[in-house]
Amino acid sequence: VQLKESGGGSVQAGASLRLSCTGFGYTESTKSIAWFRQAPGKEREFVVAINRIGINTIFPESMKGRFTISRDNAKDTVTLQMNNLRPEDTAKYYCAASPHFADKTLRAYEYWGQGTQVTVSS
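All of these numbers come straight from a predicted model, not from anything done at the bench.

Together, I53, I55 and F101 give the surface a local cluster of nonpolar side chains, amounting to about 310 Å² of exposed area. Topologically, I53 is positioned in the loop between β5 (45-50) and β6 (67-72).

As structure tokens, this is what we get:
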């Protein structure tokens, strides 16, 4: 398992970005793929997780209606679509894999990508 994120960038508020996570394959350890984010000076926080059949956890209130997640097992890709981005969405976004769906704790995730930076300016 080698997770890799892509799709980050620097955008203006209101813009959209699509983040992708690849490299998870089809193993017990990668049943659940999650996105976390970490803003400068803050702890890494859970954003959302999606299981193998496409069921995802509920997004935090601040992201509801703006972010969506999807999973294509055949293409080995999980996509986080982020619309109407805000400056407070600025963070490094990580994907992670766990055998446990909907676990929001970092220690539940055995595999992590290197992260992709998202910067939103006002």
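As a further point, take the packing of aromatic side chains. A ring pair, where both rings are aromatic, is described by two values, the distance of the centres and the angle of the planes. Evaluated as defined, the whole model comprises six aromatic pairs. On the numbers, 6.4 Å between centres and 80 degrees between planes, the contact of Y94 with W112 is edge-to-face. With Y94 in strand β8 (residues 91-98) and W112 in strand β9 (residues 111-112), this residue pair connects regions lying 18 residues apart in the sequence. When its relative accessible area of 10% is taken as the criterion, Y94 is described as buried. Residue classification places W112 among the partly exposed positions, given a relative accessible area of 24%. With a centroid separation of 6.1 Å and an interplanar angle of 65 degrees, the aromatic rings of Y109 and W112 are classed as edge-to-face. We classify Y109 as buried; its relative accessible area is 4%. Connected via pairs of aromatic rings, a cluster forms that spans F36, F46, Y94, Y109 and W112. R44 extends its terminal NZ or CZ atom over the ring of Y94, reaching a point 3.7 Å from the ring centre. The side chain of R44 reaches across the aromatic face of W112, ending 4.9 Å from its centre.

Rules and cut-offs
Residues numbered from 1 in each chain as written. Predicted model: local features only at pLDDT ≥ 70, side-chain atom pairs only at ≥ 80, totals over all residues. Heavy atoms only, no water. Patch = residues over 30% accessible without salt bridge, like charges linked within 9 Å, V, L, I, M, F, W, Y side chains within 5 Å. Areas by Shrake-Rupley, 256 points an atom, 1.4 Å probe, with all protein chains shown as cover. Salt bridge = Lys/Arg side-chain N within 4 Å of Asp/Glu carboxyl O. Helix = DSSP H or I, 4+ residues; strand = E, 2+ residues; numbered from the N terminus. Phe/Tyr/Trp six-rings, centres within 6.5 Å; stacked < 30°, edge-to-face > 60°. Buried < 20%, exposed > 50% of the residue type's maximum accessible area, 1.4 Å probe, protein only. Lys NZ or Arg CZ within 6 Å of the ring centre and 35° of its normal.

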